Amino acid sequence: MIKVDVSNVISEEEIVKYQEKVTKINKMIDEATGLGNDYVGWKDWPVDYDKEELERLLKDAQYVRDNFDVLVVCGIGGSYLGAKCALDALKGVKSDDKLEIIFMGQTFSPNYTKQVLNYLENKNFAINVISKSGTTTETSIAFRLLKDLLERKVGKEASRKAIYAVTDKEKGALKTLCNNEGYATYVLPSNIGGRFSVLTPVGLFSLAAAGVDVKAMLEGAALARKEFDNDDLKKNKCYRYAVSRDYMYRNGKAVEMFVTYEPQMSQLSEWLKQLFGESEGKEKKGLLPGSVTFSTDLHSLGQFLQDGSPILFETVINVLNPELDVKIPHDDLDLDGLNYLEGKTLSFVNQMAYQGTLKAHQEDGGVPCNIITIDSMNAGTLGYLFYFFMRCCAMSAYLLEINPFNQPGVEIYKKNMFHLLGKKGY
Ligand code: PA5
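All values derive from a computational prediction rather than experimental measurement.

1. Things to note about the pairing of strand β1 (residues 2-5)
- Every second residue of β1 is oriented toward a common face, the buried set being I2 and V4 and the non-buried set K3 and D5.
- Relative to strand β10 (residues 369-374), β1 runs antiparallel, the two sharing four bridges. Along β10, the bridge assignment pairs V4 with I372.

Written as structure tokens, this is what we have:
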């Protein structure tokens, strides 16, 4: 489904040196004996998922698709980025689908929140609220506002048919609220952390409502699970990529820059930044994940990448065949001098920009570049890609001797904020 070329970053000789470590860690992942081992539920999820729950989810998502104009997805971090990434990658950034998807609960921004609430005043909308803990402040505030608006518009009874929650099976304030109000709920299993949850109801409800073939997405992930469930560094492209990242880190690179040539793939970079950043950035270790979208950013950060401090390497994610394309037309006067491109497609121009940039960065700039090539993007490929990166992330973090599945560092700002907000006990 994808090609992974790490040859510009690490030699076969260096890869082989990792074999023993990788064998040990792969066993640890398989047998769930590593750090954070009660959070490896994502590993077998593409085959182990609750089939009955998925059927119920699909039915409810279809109901939302048939009966509402807007679905507001309310969540943050791992309860937001996966769905946003998949919607952009599969539907485009200017989607004209009959169901509009809007995100809320990922910010305290008063401007954004008020704008969305104003917009929803005259819309027939449903809510998909997502929180594993059920206590995340951004999400809880946004949901309180959305619920209040919805109940004022359509009443409490009709609201019950318009609210769909994803949360823990038993615990948390959201679960209690859902039980009290009788909202439809789907489970985010306790052994799967937020940033590893895109293939659970967390990502799947809104994607199904948007008309995405989520079963194909799970099948793509199941295929990746089968392919990467081995420790053979000669053929396991997921672990080869993990090893290349570790090699860069140990050879002085501080930043992994994710590069795409498609604005609709930019959110994949956001998802990756959370996945790797929150999983690996601990104990004063880890690569800082960054991202650029070319050719747009060739006119801003492109200069730094070519010529600036040599602190980074790139991982380019190149989709060869776009779903849509545009041909450059003829112009009689040719005052813009573009007739030499007449009849050529924008995808051709984009690919030439890719090839030219890669050569410039690798050869002239001396920037090591991994290349992940995707023939075309669809639900199956994306599911495969999600699994590829999650498994790579677990391997990478264990190579750093770090627990991939916790995030102790994000609690500190919360404590300070709660203290300042006057929350009881802080
Ligand atoms: O990856 C993670 O665990 C976090 O980013 C969470 O997804 C995020 O903090 C949201 O948490 P919750 O789903 O509990 O509201």
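2. Considering helix α9 (residues 173-181)
- L174, K175, C178 and E181 are the residues of α9 that are buried. One side of α9 carries all its buried residues, which in axial view fall inside an arc of 140°. Every exposed residue of α9 that faces more than 90 degrees away from the buried side is listed here: N179 and N180.
- Buried residues belonging to α9 abut β4 (125-131), α7 (137-154), α8 (156-160), β5 (163-167) and β6 (184-187).
- Following α9 by one or two positions, G182 has its phi on the positive side, about 80°.

3. Let's talk about the nonpolar core
- M217, W271, F386 and F389 are the most contacted members of the largest nonpolar core, which totals 117 residues.
- Counting residues per element, this core draws most heavily on helix α16 (residues 379-399), which supplies 15 residues.
- A domain-level breakdown of this core finds at least three residues from each of domain 1 (2-33 + 218-408) and domain 2 (42-212).
- Residues contacting M217, with those up to four places away along its chain left out, are A86, L90, L199, L204, L207, V212, A379, G380, L382, G383 and F386.
- Core analysis: the next-biggest nonpolar cluster, separate from the first, contains 14 residues, V292, F294, L312 and I371 among them.

4. A look at the side chain of Q267
- Note that Q267 resides in helix α13 (residues 266-280).
- With a relative accessible area of 15%, Q267 lands in the buried category.
- Those residues within four positions of Q267 in sequence are excluded, and the remaining contacts are L81, K84, C85 and D88.

5. What about the site of the ligand?
- As a structural note, the neighbourhood of the ligand is formed by 13 residues, with S79, S131, S133, T136 and Q274 the closest of them.
- In the model, an oxygen atom of the ligand is placed 2.7 Å from a nitrogen or oxygen of the S79 side chain.
- Summarising the interface, the protein chains cover 86% of the accessible area of the ligand, which totals 390 Å² for the free molecule.
- Of the residues belonging to the shell around the ligand, the class tally is one nonpolar, nine polar and three charged.
- In this structure, the shell around the ligand is formed jointly by two domains, domain 1 (2-33 + 218-408) and domain 2 (42-212), each of which donates at least three residues.

6. Quick notes on the sheet that holds β1
- Reading across the sheet, the five strands line up as β1-β10-β9-β7-β8 and stay open at both edges, with mixed pairing between neighbours. One side of each edge strand has no neighbouring strand; the edge strands of this open sheet are β1 and β8 (288-293). Each neighbouring strand pair of the sheet contributes to a mean axis angle of 20°, computed without reference to strand direction.
- Alignment of strand β7 (residues 255-260) against β8, held across six bridges, turns out to be parallel. From the neighbouring strand, M257 faces β8, where its bridge partner is G290.

7. A few points about the pattern of salt bridges
- Summed over the entire model, instances satisfying the criterion amount to 31 salt bridges.
- The residue D246 makes a salt bridge to R250 at a minimum N-O spacing of 2.6 Å. Residue D246 and its partner R250 are both found in helix α12 (residues 237-250); the two are separated by four residues, about one turn of the helix.
- For D246, a relative accessible area of 4% puts it in the buried group.
- For the salt bridge of K285 with E283, the shortest nitrogen-to-oxygen distance reads 4.0 Å.
- Given the relative accessible area of 27%, K285 is considered partly exposed.

8. Side note on the packing of helix α5 (residues 81-91) against α13
- Put simply, α5 and α13 touch, their axes get as near as 8 Å, and they point 155° apart. One element, α5, and the other, α13, form an angle in the roughly antiparallel class. Two packed elements cross with a definite hand, and for α5 against α13 that hand is left-handed. Contacts from L81, G82, K84, C85 and D88 in α5 reach Q267, L268, E270, W271 and Q274 in α13.
- Partitioning the contact of α5 with α13 into residue classes produces four nonpolar, three polar and three charged.

9. Examining the domain arrangement of the protein
- Taken as a whole, the protein is organised into domain 1 (2-33 + 218-408) and domain 2 (42-212).
- Placing the centre of domain 1 and that of domain 2 at their C-alpha centroids yields a distance of 29 Å.
- Taken together, the contact between domain 1 and domain 2 spans 34 residues of the former and 26 residues of the latter.
- Taken over both partners, the interface formed by domain 1 and domain 2 buries close to 2600 Å², and the fraction arising from carbon and sulfur atoms is 70%.

10. Let's talk about the packing of aromatic side chains
- Following the criterion strictly, the structure yields 22 aromatic pairs and no others.
- Look at F143 and Y183: their rings are 6.4 Å apart centre to centre, the planes differ by 80°, and that puts the pair in the edge-to-face class. In this pair, F143 is assigned in helix α7 and Y183 in the loop between α9 and β6, connecting sequence segments 40 residues apart. Per residue, the accessibility class of F143 equals that of Y183, and both read buried.
- Feature note: the residues F228, Y241, F258, F276, Y384, F388 and F389 constitute an aromatic cluster, connected by ring pairs.
- Directly above the aromatic system of F348 lies the positively charged group of K344, at a separation of 5.6 Å from the ring centroid.

11. A look at a nonpolar patch on the surface
- Nonpolar side chains collect at one region of the surface, where F108, I141 and L145 lie side by side and expose about 250 Å² of accessible area between them.
- Within the secondary structure layout, L145 lies in helix α7.
- With a relative accessible area of 34%, L145 lands in the partly exposed category.

What counts as what
Residues numbered from 1 in each chain as written. Predicted model: local features only at pLDDT ≥ 70, side-chain atom pairs only at ≥ 80, totals over all residues. Heavy atoms only, no water. Buried < 20%, exposed > 50% of the residue type's maximum accessible area, 1.4 Å probe, protein only. Helix = DSSP H or I, 4+ residues; strand = E, 2+ residues; numbered from the N terminus. Pairing = 2+ DSSP bridges. Arc of directions from axis to C-beta. Contact = heavy atoms within 4.5 Å. Core = buried A, V, L, I, M, F, W, Y, C linked by side-chain atoms within 4.5 Å. Domains from an automatic or database assignment. Near = heavy atom within 4 Å. Polar contact = N/O pair within 3.5 Å; in protein donor to acceptor, adjacent residues only side chain to side chain. Areas by Shrake-Rupley, 256 points an atom, 1.4 Å probe, with all protein chains shown as cover. Nonpolar A, V, L, I, M, F, W, Y, C, P; charged D, E, K, R; others polar. Axes fitted to C-alpha atoms, helices over the stretch in contact; angles between N-to-C directions. Salt bridge = Lys/Arg side-chain N within 4 Å of Asp/Glu carboxyl O. Parallel < 35°, antiparallel > 145°, perpendicular 65-115°, else oblique. Left-handed = near helix turned anticlockwise from the far one by under 90°. Buried area = accessible area lost by both parts, 1.4 Å probe. Phe/Tyr/Trp six-rings, centres within 6.5 Å; stacked < 30°, edge-to-face > 60°. Lys NZ or Arg CZ within 6 Å of the ring centre and 35° of its normal. Patch = residues over 30% accessible without salt bridge, like charges linked within 9 Å, V, L, I, M, F, W, Y side chains within 5 Å.

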